Amino acid sequence: MLIRKLQPADIPSVVEIWYQASLVAHNFIPAAYWQEHKPAMAETYLPNSETYLAVTDEQVFGFISLTGNYLAALFIRPEAQRRGIGKLLLDYVKEKRETIELRVYAKNSGSIAFYKNQGFTEISRTEDEKTGEQELLLTWSAQEE
(Lines give C-alpha, C1' and ligand atoms only; values in the text may rest on other atoms or scores of the structure.)
Protein backbone atom coordinates (compact mmCIF):
# COMPACT_ATOMS: atom_id res chain seq x y z
CA MET A 1 0.00 0.00 0.00
CA LEU A 2 1.30 3.41 -1.03
CA ILE A 3 0.81 6.61 0.98
CA ARG A 4 0.64 9.80 -1.06
CA LYS A 5 -0.61 13.36 -0.78
CA LEU A 6 -4.16 14.26 -1.71
CA GLN A 7 -4.61 15.63 -5.23
CA PRO A 8 -7.64 17.72 -6.27
CA ALA A 9 -8.94 14.84 -8.41
CA ASP A 10 -9.05 12.62 -5.29
CA ILE A 11 -11.50 14.83 -3.40
CA PRO A 12 -14.79 13.21 -4.57
CA SER A 13 -13.68 9.69 -3.60
CA VAL A 14 -12.20 10.91 -0.29
CA VAL A 15 -15.43 12.72 0.60
CA GLU A 16 -17.35 9.51 -0.12
CA ILE A 17 -15.02 7.50 2.15
CA TRP A 18 -15.49 10.13 4.88
CA TYR A 19 -19.27 10.00 4.46
CA GLN A 20 -19.62 6.19 4.42
CA ALA A 21 -17.21 5.70 7.33
CA SER A 22 -18.94 8.48 9.31
CA LEU A 23 -22.30 6.73 8.95
CA VAL A 24 -20.79 3.57 10.46
CA ALA A 25 -18.60 5.11 13.17
CA HIS A 26 -21.08 7.80 14.18
CA ASN A 27 -24.38 5.94 13.84
CA PHE A 28 -25.65 7.87 16.89
CA ILE A 29 -25.76 11.06 14.78
CA PRO A 30 -28.43 11.37 12.05
CA ALA A 31 -27.18 10.62 8.52
CA ALA A 32 -28.55 14.00 7.38
CA TYR A 33 -25.88 15.72 9.48
CA TRP A 34 -23.09 14.02 7.51
CA GLN A 35 -24.87 14.52 4.19
CA GLU A 36 -25.15 18.28 4.71
CA HIS A 37 -21.44 18.52 5.56
CA LYS A 38 -20.26 16.88 2.31
CA PRO A 39 -19.85 20.22 0.44
CA ALA A 40 -17.77 21.71 3.26
CA MET A 41 -15.52 18.63 3.28
CA ALA A 42 -14.97 18.93 -0.47
CA GLU A 43 -14.64 22.70 -0.73
CA THR A 44 -13.12 23.80 2.59
CA TYR A 45 -11.78 21.11 4.91
CA LEU A 46 -9.86 18.87 2.51
CA PRO A 47 -8.33 21.66 0.38
CA ASN A 48 -7.13 23.45 3.54
CA SER A 49 -5.62 20.48 5.34
CA GLU A 50 -2.53 18.31 4.98
CA THR A 51 -4.07 15.06 3.73
CA TYR A 52 -2.46 11.73 2.92
CA LEU A 53 -4.12 8.78 1.21
CA ALA A 54 -3.61 5.03 1.50
CA VAL A 55 -3.74 3.82 -2.11
CA THR A 56 -3.41 0.49 -3.92
CA ASP A 57 -3.71 0.32 -7.71
CA GLU A 58 -4.97 3.92 -7.73
CA GLN A 59 -7.87 2.96 -5.45
CA VAL A 60 -8.11 5.03 -2.26
CA PHE A 61 -8.75 2.92 0.85
CA GLY A 62 -8.41 5.60 3.51
CA PHE A 63 -7.07 9.01 4.40
CA ILE A 64 -5.71 11.09 7.24
CA SER A 65 -5.96 14.89 7.47
CA LEU A 66 -4.01 17.25 9.69
CA THR A 67 -4.24 20.95 10.40
CA GLY A 68 -1.00 21.78 12.15
CA ASN A 69 -0.71 19.24 14.98
CA TYR A 70 -4.46 18.58 15.02
CA LEU A 71 -5.60 15.29 13.49
CA ALA A 72 -8.84 16.43 11.87
CA ALA A 73 -9.76 13.16 10.15
CA LEU A 74 -8.75 9.51 9.88
CA PHE A 75 -11.23 7.47 7.88
CA ILE A 76 -10.99 4.08 6.19
CA ARG A 77 -13.49 2.54 3.76
CA PRO A 78 -15.86 0.50 5.96
CA GLU A 79 -15.14 -2.72 4.03
CA ALA A 80 -11.36 -2.19 4.44
CA GLN A 81 -11.33 -1.48 8.17
CA ARG A 82 -9.38 -3.62 10.63
CA ARG A 83 -6.64 -4.35 8.09
CA GLY A 84 -3.99 -2.02 9.51
CA ILE A 85 -4.62 0.88 7.11
CA GLY A 86 -5.48 3.34 9.88
CA LYS A 87 -2.34 2.40 11.82
CA LEU A 88 -0.26 2.73 8.65
CA LEU A 89 -1.58 6.26 8.05
CA LEU A 90 -1.24 7.27 11.69
CA ASP A 91 2.34 5.97 11.89
CA TYR A 92 3.12 7.95 8.74
CA VAL A 93 2.05 11.26 10.26
CA LYS A 94 3.61 10.45 13.65
CA GLU A 95 6.96 10.56 11.85
CA LYS A 96 6.18 14.15 10.81
CA ARG A 97 5.01 15.50 14.20
CA GLU A 98 6.25 15.75 17.77
CA THR A 99 2.71 15.96 19.15
CA ILE A 100 -0.76 15.25 17.78
CA GLU A 101 -4.16 16.16 19.22
CA LEU A 102 -7.58 14.94 18.14
CA ARG A 103 -11.20 14.87 19.20
CA VAL A 104 -13.32 11.74 19.12
CA TYR A 105 -16.94 11.20 20.10
CA ALA A 106 -17.29 9.44 23.47
CA LYS A 107 -19.78 6.98 21.93
CA ASN A 108 -17.21 5.96 19.28
CA SER A 109 -15.65 3.27 21.49
CA GLY A 110 -13.88 1.52 18.61
CA SER A 111 -11.95 4.65 17.64
CA ILE A 112 -11.17 5.48 21.26
CA ALA A 113 -9.67 2.01 21.76
CA PHE A 114 -7.70 2.35 18.51
CA TYR A 115 -6.19 5.71 19.48
CA LYS A 116 -5.36 4.59 23.02
CA ASN A 117 -3.63 1.50 21.57
CA GLN A 118 -1.60 3.89 19.40
CA GLY A 119 -0.31 5.83 22.41
CA PHE A 120 -2.92 8.59 22.76
CA THR A 121 -4.13 9.67 26.20
CA GLU A 122 -7.33 11.43 27.20
CA ILE A 123 -6.89 15.05 28.27
CA SER A 124 -10.47 16.27 28.68
CA ARG A 125 -14.13 15.85 27.73
CA THR A 126 -16.36 18.52 26.26
CA GLU A 127 -19.65 18.77 24.42
CA ASP A 128 -19.61 19.20 20.65
CA GLU A 129 -21.80 22.27 20.09
CA LYS A 130 -22.97 21.11 16.63
CA THR A 131 -24.18 17.65 17.66
CA GLY A 132 -24.62 17.87 21.43
CA GLU A 133 -22.45 14.74 21.76
CA GLN A 134 -19.65 14.33 24.30
CA GLU A 135 -16.14 14.45 22.79
CA LEU A 136 -12.81 13.38 24.20
CA LEU A 137 -9.66 15.38 23.54
CA LEU A 138 -6.77 12.95 23.08
CA THR A 139 -3.10 13.74 22.69
CA TRP A 140 0.03 11.88 21.61
CA SER A 141 3.65 12.88 22.09
CA ALA A 142 6.71 11.41 20.41
CA GLN A 143 8.60 11.88 23.68
CA GLU A 144 6.27 9.44 25.44
CA GLU A 145 6.81 6.62 22.92
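Residues numbered from 1 in each chain as written. Predicted model: local features only at pLDDT ≥ 70, side-chain atom pairs only at ≥ 80, totals over all residues. Heavy atoms only, no water.

Draft legend 1. Main features of the overall build of the protein. When helices and strands are tallied, the protein shows five helices and seven strands. Start at the N end of the protein and walk to the C end: the helices and strands fall as β-α-α-α-β-β-β-α-β-α-β-β. Relative to the compact-globule value of 15 Å for 145 residues, the protein shows a C-alpha radius of gyration of 14 Å, a close match. Summarising its shape, the C-alpha atoms of the protein cover approximately 35 × 35 × 25 Å along the three principal directions. Contacts in the protein between residues at least 24 apart in sequence constitute 59% of all its contacts with a sequence separation of at least 6. On the protein, roughly 7,900 Å² of surface is accessible, and the fraction owed to carbon and sulfur atoms is 48%. Across the protein, the 15 positively charged side chains and the 20 negatively charged ones have centroids separated by 3 Å. (Helix = DSSP H or I, 4+ residues; strand = E, 2+ residues; numbered from the N terminus. Rg over C-alpha atoms; globule rule 2.2 N^0.38 Å. Contact = heavy atoms within 4.5 Å. Areas by Shrake-Rupley, 256 points an atom, 1.4 Å probe, with all protein chains shown as cover. Lys, Arg positive; Asp, Glu negative; His and termini not counted. Charge placed at Lys NZ, Arg CZ, Asp CG, Glu CD.)

Draft legend 2. Region of the structure containing the pattern of salt bridges. Tallying each qualifying case throughout the model produces eight salt bridges. The shortest N-O distance in the salt bridge between K87 and D91 comes to 2.8 Å. Of this pair, K87 and D91 both sit in helix α4 (residues 85-94), four residues apart, which is roughly one turn of the helix. The exposure class of K87 is partly exposed, given its relative accessible area of 38%. Of the charged contacts in the structure, one is a salt bridge between R125 and E122, with a shortest N-O distance of 2.8 Å. (Salt bridge = Lys/Arg side-chain N within 4 Å of Asp/Glu carboxyl O. Buried < 20%, exposed > 50% of the residue type's maximum accessible area, 1.4 Å probe, protein only.)

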